[in-house]
Amino acid sequence: MAKPTIGELLAGKRTRQLTMTNATDYNTARAAAEAGIDIISGRGMYDEQQIGLVLDQIVKAAPNAVIACNLPATIAYVSDSEAIRAAMIARDHGADIIYSSGNTLSRFEAMASVGINCGGHVGLVPARSSREGGLGARGKTLDEAVRIYEETLAYQRAGAVIVEMECVAADIAAEISKRVDILVMSLGSGPNCDGQFLFSADLLGIQEPRYPGMGKPYEGPLPRHAKRYTDLFEEAKRGFSAFKAEVTSGEFPGPEHTIRVDASVVERFRATVDAKP
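All figures in this text were calculated on a predicted structure; none of them were measured in a lab. (Residues numbered from 1 in each chain as written. Predicted model: local features only at pLDDT ≥ 70, side-chain atom pairs only at ≥ 80, totals over all residues. Heavy atoms only, no water.)

### Remarks on the pattern of salt bridges
Counted according to the given criterion, the structure contains twelve salt bridges. Of the charged contacts, one joins Glu-175 and Lys-178 as a salt bridge, the two residues approaching to 3.2 Å between their closest N and O atoms. Residue Glu-175 and its partner Lys-178 are both found in helix α8 (residues 170–179); the two are separated by three residues, about one turn of the helix. Exposure remark for Lys-178: the relative accessible area of 49% places this residue in the partly exposed category. (Salt bridge = Lys/Arg side-chain N within 4 Å of Asp/Glu carboxyl O. Helix = DSSP H or I, 4+ residues; strand = E, 2+ residues; numbered from the N terminus. Buried < 20%, exposed > 50% of the residue type's maximum accessible area, 1.4 Å probe, protein only.)

So, in structure tokens, the structure goes:
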């Protein structure tokens, strides 16, 4: 299937449910692409060099998926010109959408003014959660629901083509989604947005920090909005444990994993090196 354009995705609003996940490496991106995931978000980039390194791998792995790039806050938040420059680097490396969580509207206006497809973040925005009452559901009061709607509309007016709507009450998310023209991707905001976004770590069972700066890996029950479809962490641990056990017991490497040479070569080698001073 040919890679869709952003225009085609927008034209398909309200006609289908899109799927979106994130990747930081070739194998995750390739698995997602071959499974038919529509949008793959490149994350884990902390400077301009990493933008190219990560995106090159993801684009190579998923040539027919729409690729989003999550700009590092240390670049995107500095100024409009820095955001544009970093976005153009990402676009040159194959990004179709430039995503910047919690940034000011002027950044989106600046990027859109030079033809960059950009995306924002509404609802629960972890980067600013400490001043908004902590982590938790959003849109459960009238004032909060109206604010999320107005923020989504502001992103649209600023030129964004997509927003991630995180942990917003499903009924409110559905109403907002049908009132705007841009794509609304639900992350814990119910089934009636334009698509569903799940972090690959959650759906694959890979333990990692829930949010930047949280420190230790997230363990225990998943958030209510997430679903685990497999447990790669446990699979990986079983593989590593089996490797260690076989090395300890002497079972690995076995004859089938070992390169041999004729015994006469070994004898001559010994004689040669033992004769050296």
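### What to know about the side chain of Asp-194
Counting through the fold element by element, Asp-194 comes out in the loop between β7 (183–187) and β8 (195–197). Within the structure, Asp-194 has its side chain in polar contact with the side chain of Lys-13 (distance 2.5 Å). Once you skip the residues sitting within four places of it in the chain, Asp-194 turns out to touch Lys-13, Arg-14, Arg-16, Gln-17, Leu-18, Ser-177, Ile-182, Leu-183, Val-184 and Met-185. (Polar contact = N/O pair within 3.5 Å; in protein donor to acceptor, adjacent residues only side chain to side chain. Contact = heavy atoms within 4.5 Å.)

### Points about the nonpolar core
Counting 42 residues, the largest nonpolar core has Ile-40, Cys-69, Leu-71, Ile-98, Met-111 and Met-165 as the members making the most contacts within it. Of all the elements, helix α3 (residues 48–61) adds the most residues to this core, at five residues. Excluding its chain neighbours within four sequence positions, the residues that come into contact with Met-111 are Leu-71, Ala-83, Ile-84, Ala-87, Ile-98, Ile-116 and Cys-118. Counting residues in hydrophobic clusters, the runner-up holds 17 residues, among them Ala-68, Val-161, Leu-183 and Phe-197. (Core = buried A, V, L, I, M, F, W, Y, C linked by side-chain atoms within 4.5 Å.)

### Remarks on empty space enclosed by the protein
Tallying each qualifying case throughout the model produces one cavity of 30 Å³ or more. Size it by volume and the largest cavity reaches roughly 80 Å³. In this structure, the largest cavity is lined by Met-20, Ile-39, Ala-68, Ile-97, Tyr-99, Gly-119, Gly-120, Ile-162, Val-163, Glu-164 and Met-185. Broken down by secondary-structure element, the contributors of at least two residues to the lining of the largest cavity are β4 (97–99), β5 (118–123) and β6 (162–166). Here the element with the most residues in the lining of the largest cavity is β6; it accounts for three residues. Split by residue class, the lining of the largest cavity holds eight nonpolar, two polar and one charged. (1 Å grid on protein atoms, 1.4 Å probe; cavity = no way out; pocket = protein on both sides within 12 Å on 5 of 7 lines; lining within 4 Å. Points joined across faces, edges and corners; volume = space filled by probe spheres on them. Nonpolar A, V, L, I, M, F, W, Y, C, P; charged D, E, K, R; others polar.)

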